[in-house]
Amino acid sequence: PAGDPPSGSYGGGVVNPGNTLARILASLKDERGRVAIPGFYEDVMDWDEATRQAIRALPFNTDKFLGEVGAPGLDGEAGYSLLERLWIRPTCDVNGLLCGYTGEGAKTVLPARAMAKVSFRLVPNQTPARVRELLEAHVARVAPPEVRVKVVELHGGRPWKAELGGPAFEAARRALEGAFGTPPVLCGEGGSIPIVVDFQEILRAPVLLMGFAPPGANMHAPNEWIPVENFEKGVHAVARFYQEFGR
């Protein structure tokens, strides 16, 4: 509709973009927590059972995790442990919604437009271009012909997986143990650093990432923090790494 017409006069006859957007978003996931976009999992790399068992064997306190995020419960793809869902599986999440009247009190209107920001965490061997193509086809298939829909890509980055071995990796392991006084534990992490793939392909060199923020540090969020001790020991760890790698 043009403008935001009153729902009392037009409701029941005019398609509501807000209702339509809700149905489109609901169609992105199924009841088992899997992304329901046809073809989405075709390029997803299968992890070997030994790696999956190693992840499941790690000590992990689910109650502490819930306390960190302040959530009453957990959700995710069925058939995978929590750490597997966090580290090695792709995701689809609604990041923001904007639709109709959002001020205080009631104002019964039909929104002229509805918008959602949606992100996908990709894993090897998915690509942003292919996922966008699949999403556009899915939205066009689900949306009714009485509304106009548009998918706009804001940003995309190719996924990257670290090689858990080699001279750089072993040097980092020794450097971290030397700086922090305890052997490091291997764990996964999802994040968006698209240039890592470019470094590896263009420079044709191994890439190594080391992070020093603890769990619950609110990365990229308000009140992001890191202990001073971790910062200082992280400096020592990087210096030790260059020494170890140089050997």
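Everything below is about the structure shown above.
Right, let's walk through the structure included here. (Residues numbered from 1 in each chain as written. Predicted model: local features only at pLDDT ≥ 70, side-chain atom pairs only at ≥ 80, totals over all residues. Heavy atoms only, no water.)

1. Side note on the overall build of the chain
1) Next: Scanning the chain from N- to C-terminus turns up nine helices and two strands.
2) Next: Going from N to C terminus, the chain has its helices and strands arranged as α-α-α-α-α-β-β-α-α-α-α.
3) Next: Against the globule reference of 18 Å for 247 residues, the chain gives a C-alpha radius of gyration of 23 Å, more extended than a compact globule.
4) Next: Overall, the chain is about 75 × 40 × 35 Å in size when its C-alpha atoms are taken along their principal axes.
5) Next: The burial tally for the chain puts 26% of its 247 residues in the buried class.
6) Next: Summarising the internal contacts of the chain: among those between residues at least 6 apart in sequence, 69% fall at separations of at least 24. (Helix = DSSP H or I, 4+ residues; strand = E, 2+ residues; numbered from the N terminus. Rg over C-alpha atoms; globule rule 2.2 N^0.38 Å. Buried < 20%, exposed > 50% of the residue type's maximum accessible area, 1.4 Å probe, protein only. Contact = heavy atoms within 4.5 Å.)

2. Remarks on the environment of Ser-7
1) Next: In this fold, Ser-7 is placed in helix H1 (residues 7–10).
2) Next: What makes Ser-7 partly exposed here is its relative accessible area of 25%.
3) Next: Ser-7 sits 135 residues away from Val-142 along the chain, and the two C-alpha atoms are 24 Å apart.
4) Next: Sequence-distant contacts of Ser-7, that is, excluding residues within four places in its chain, are made with Thr-108, Val-109 and Leu-110.

3. Remarks on helix H2 (residues 17–26)
1) Next: Taken together, the buried positions of H2 are occupied by Pro-17, Gly-18, Thr-20, Leu-21, Ile-24 and Leu-25. Seen along its axis, H2 keeps its buried residues to an arc of 160°; they face one direction.
2) Next: For H2, the N-terminal cap is Asn-16; the gap from its side-chain oxygen to the backbone nitrogen of Gly-18 is 2.7 Å. (Arc of directions from axis to C-beta. Polar contact = N/O pair within 3.5 Å; in protein donor to acceptor, adjacent residues only side chain to side chain.)

4. A few points about the pattern of salt bridges
Working definition: two side chains of opposite charge can pair if their charged atoms are close together.
1) Next: Applying the stated criterion to the full structure yields 15 salt bridges.
2) Next: Glu-77 is paired through a salt bridge with Arg-34; the nearest N and O atoms lie 2.9 Å apart. Of the two residues, Glu-77 is situated in the loop between helix H4 (62–69) and helix H5 (82–87) and Arg-34 in the loop between H2 and helix H3 (49–57); the sequence distance between them amounts to 43 residues.
3) Next: Glu-133 is the partner of Arg-130 in a salt bridge, and the nearest nitrogen-oxygen pair spans 2.7 Å. With Arg-130 and Glu-133 both in helix H6 (residues 128–142) and three residues apart, the pair spans about one turn of that helix.
4) Next: On the accessibility criterion, Arg-130 (28% relative accessible area) is partly exposed.
5) Next: Residue class for Glu-133 comes out partly exposed when judged on its relative accessible area of 46%.
6) Next: Within the structure, one salt-bridge network assembled from shared partners comprises Glu-49, Arg-52, Arg-56 and Glu-84. (Salt bridge = Lys/Arg side-chain N within 4 Å of Asp/Glu carboxyl O.)

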